[in-house]
Amino acid sequence: MASHLPSASSSSTASIEIDQKTQGLARRMADLHLDAVLLETPPNFAWITAGASNAIDLTGETGVGAVLVARDGRRWLLANQIEMPRFLEEDGLEGRGFTPADFPWTAEPGDPGWRTTQVWKLLGAGARLGLDRVPHPALGPVQGVGPEIARLRARLTPPEVERYRALGRDAGEALGEVCRGLRPGLSEDEIAGRLAAALLARGAVPVVLLVGSDARLERFRHPLPTAQSWERAVMVVACARRGGLIAALTRIVWAGPVPEEVRRRTRAAAEVNARLLAATRPGVTGDELFAVAARAYEELGFPGEEKRHHQGGPCGYQSRDWIAGPGSAETVVSPQAFAWNPSITGTKVEETWIVGEEGAERITGTAGWPVLEVESGGRTYPIPDVVSLGNL
């Protein structure tokens, strides 16, 4: 497996990216009258470090390290003495403006405020601190700023766009590789295992794996893999994370000819997808985008399908930063990643796109995979089609 560690040539680029994010965060602190912000959650840690990971136990809300950013631009890397060497050496954080602040691991157990204890030592008592998650009462006078950080993360930097494109290529390749190797009789669990292996071999961690076959494909929109073997049709879904960024995509394969009704429904889902992409422009709200999807389903003869499954939304350092729905006031920025996932009973389409001032760029395409060319708003969008195994 090729290394995904930072190269010497990318070190200066990463440092510039981190400095720019620090400056943006400092400006937001000034607006919120804060002296510093502590970033503990894996999405925000990856964002501020340009791709490092503090996620050891994937079930945890927080990771094994944190970054403290002061309003004057100073940055500290907080971690116990077990984790600090890996952050500095393998994640490449040494020499990128982070002052290491390590401590014995014995400072952690039984103390929910162990990191803020270290923070007060660095900042001094009375500092006004923001935290990127809901504060625990034991943390003292701390302000939760998670939504504010998510909005800062939304606008991708040029290096992030390049890393995202590379992840999208690899994720599309991995899914195509697995789907081309499918044979009726494989269990959903076996397919999920193959996909996990294909993604891990490319340095990506599967944070979502869904496999639904035959009747389960028609009944469930989020089919977790089971021991059931597929015979007629199977849907394979992944959200793959690398360097903190997450790409989402779906493929559906039929063992024999694809039924005409399934093709009709897939074409309609692709039309919904294209209309959403055409409408995803800076300043548009999640509520407005949901209305686009609902209207499209109605006009295409599938009223109410938007109520059976969410339609997706922006991604990045989360599989979805927010979901487009009624009352959603979050707005599109540029450039920003989006993964729309329109579905109609028995089928679904999903890719990850980078949306910018010039339109939407698909980043998770699978070479050689049949697509539906769907026009909307004066542009044509390639949407992955449902395919027969014999055509892969």
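Please refer to the structure placed before this passage.
Here we summarise the structure given alongside this text. Computed from a predicted structure; not experimentally measured. (Residues numbered from 1 in each chain as written. Predicted model: local features only at pLDDT ≥ 70, side-chain atom pairs only at ≥ 80, totals over all residues. Heavy atoms only, no water.)

A look at the overall build of the protein
Thinking step 1. Per the secondary structure count, the protein includes 10 helices and 18 strands.
Thinking step 2. Taking 392 residues into account, the globule formula puts the C-alpha radius of gyration at 21 Å, and the protein, at 22 Å, falls close to it.
Thinking step 3. Projecting the C-alpha coordinates of the protein onto the three principal axes gives extents of approximately 70 × 40 × 40 Å.
Thinking step 4. Counting every position in the protein, which comprises 392 residues, the buried fraction comes to 54%. (Helix = DSSP H or I, 4+ residues; strand = E, 2+ residues; numbered from the N terminus. Rg over C-alpha atoms; globule rule 2.2 N^0.38 Å. Buried < 20%, exposed > 50% of the residue type's maximum accessible area, 1.4 Å probe, protein only.)

Points about the side chain of Thr280
Thinking step 1. Among the secondary structure elements, Thr280 is positioned in the loop between α9 (260–279) and α10 (286–299).
Thinking step 2. A polar side-chain atom of Thr280 sits 2.5 Å from the main-chain carbonyl oxygen of Leu276.
Thinking step 3. Within the local environment of Thr280, its side chain forms a polar contact with the side chain of Trp340, the two groups lying 3.2 Å apart.
Thinking step 4. Aside from chain neighbours lying at most four places away, what touches Thr280 is Leu289, Val332, Phe338, Trp340 and Val355. (Polar contact = N/O pair within 3.5 Å; in protein donor to acceptor, adjacent residues only side chain to side chain. Contact = heavy atoms within 4.5 Å.)

What to know about the nonpolar core
Thinking step 1. Core analysis: the biggest nonpolar cluster contains 63 residues, and Leu77, Tyr164, Leu182, Ile191 and Val253 have the highest contact counts within it.
Thinking step 2. Of the residues forming this core, the biggest block, eight residues, is contributed by helix α6 (residues 158–180). (Core = buried A, V, L, I, M, F, W, Y, C linked by side-chain atoms within 4.5 Å.)

Comments concerning the sheet that holds strand β1 (residues 36–39)
Thinking step 1. Pairing within the open sheet is mixed, and its six strands lie in the order β4-β3-β2-β1-β5-β6. Whereas interior strands pair on both sides, the edge strands pair on one side only; in this sheet they are β4 (99–103) and β6 (142–144). Between one strand and the next, the sheet's axes are offset by a mean angle of 25°, whatever the strand orientation.
Thinking step 2. Here strand β3 (residues 75–80) runs beside β4; their pairing, made up of five bridges, is parallel. Counted as the bridge partner of Ala79 is Asp102 from β4. (Pairing = 2+ DSSP bridges. Axes fitted to C-alpha atoms, helices over the stretch in contact; angles between N-to-C directions.)

Some thoughts on the sheet that holds strand β14 (residues 353–356)
Thinking step 1. Strands sit in the order β10-β11-β14-β15 across an open sheet of four strands; the sheet is antiparallel. Two strands in the sheet have a free side with no partner beyond their single neighbour: β10 (312–315) and β15 (359–362). Each neighbouring strand pair of the sheet contributes to a mean axis angle of 35°, computed without reference to strand direction.

Things to note about the packing of α9 against α10
Thinking step 1. Between α9 and α10, whose axes approach to 9 Å, the crossing angle comes to 150°. With respect to each other, α9 and α10 are oriented roughly antiparallel. The interaxial crossing formed by α9 with α10 has right-handed handedness. Contacts between α9 and α10 pair Val272, Arg275, Leu276 and Ala279 from the former with Leu289, Val292, Ala293, Ala296, Tyr297 and Glu299 from the latter. (Parallel < 35°, antiparallel > 145°, perpendicular 65-115°, else oblique. Left-handed = near helix turned anticlockwise from the far one by under 90°.)

Looking at the packing of α6 against helix α7 (residues 188–200)
Thinking step 1. Orientation of α6 relative to α7, taken along the N-to-C sense of each, is 145°, at an axis distance of 9 Å. In this structure, α6 meets α7 at a crossing whose hand is right-handed. Counting all contacts with α6, which are made through Ala171, Ala174, Leu175, Glu177 and Val178, the residues of α7 involved are Ile191, Arg194, Leu195, Ala198 and Leu199.
Thinking step 2. Partitioning the contact of α6 with α7 into residue classes produces eight nonpolar, no polar and two charged. (Nonpolar A, V, L, I, M, F, W, Y, C, P; charged D, E, K, R; others polar.)

Some words on the pairing of β3
Thinking step 1. The buried count for β3 comes to six of six residues, which makes it a mostly enclosed element.
Thinking step 2. Side-chain alternation along β3 places Arg75, Leu77 and Ala79 on one buried face and Trp76, Leu78 and Asn80 on a second face that is also buried.
Thinking step 3. Across five bridges, strand β2 (residues 65–70) lies against β3 in antiparallel orientation. What sits directly across from Val67, in β3, is Leu77.
Thinking step 4. Counted along the chain from β2 to the antiparallel partner β3, the turn is four residues long, and its residue Gly73 has a positive phi close to 100°.
Thinking step 5. Read as a crossover between parallel neighbours, the route from β3 over helix α3 (residues 84–89) to β4 is right-handed. (Right-handed = clockwise from strand over helix to strand, strands pointing away.)

Digging into the pattern of salt bridges
Thinking step 1. For the structure shown, the criterion picks out 31 salt bridges.
Thinking step 2. Note that Arg165 is salt-bridged to Glu162, the shortest N-O span being 2.3 Å. Placement of the pair is Arg165 and Glu162 together in helix α6, with a separation of three residues, close to one helical turn.
Thinking step 3. Assessed through its relative accessible area of 26%, Arg165 is described here as partly exposed. (Salt bridge = Lys/Arg side-chain N within 4 Å of Asp/Glu carboxyl O.)

Some words on the pairing of strand β16 (residues 371–376)
Thinking step 1. Of the two faces of β16, only the one carrying Leu372, Val374 and Ser376 is buried; Val371, Glu373 and Glu375 on the other face are not.
Thinking step 2. Between β16 and the antiparallel strand that follows it, strand β17 (residues 379–384), lie two residues; Gly377 among them carries a positive phi value of about 60°.

Here's the deal with the packing of aromatic side chains
Thinking step 1. Under the criterion given, the structure shown has four aromatic pairs.
Thinking step 2. Note on Trp322 and Phe338: the rings are 6.1 Å apart at their centroids and 85° apart in plane angle, and the pair reads as edge-to-face. Of this pair, Trp322 sits in the loop between β10 and β11 (336–340) while Phe338 sits in strand β11, and the two are 16 residues apart along the sequence.
Thinking step 3. Under the relative-accessibility criterion, Trp322 is labelled buried at 12%.
Thinking step 4. Classification of Phe338 by relative accessible area gives buried; the value is 0%.
Thinking step 5. Members of the aromatic cluster, joined through ring pairs, are Trp322, Phe338 and Trp340.
Thinking step 6. Looking at Arg75, its charged tip hangs above the ring of Phe98, at a distance of 4.9 Å from the centre.
Thinking step 7. The ring of Trp369 carries Arg251 above its face, with NZ or CZ at 5.6 Å from the centroid. (Phe/Tyr/Trp six-rings, centres within 6.5 Å; stacked < 30°, edge-to-face > 60°. Lys NZ or Arg CZ within 6 Å of the ring centre and 35° of its normal.)

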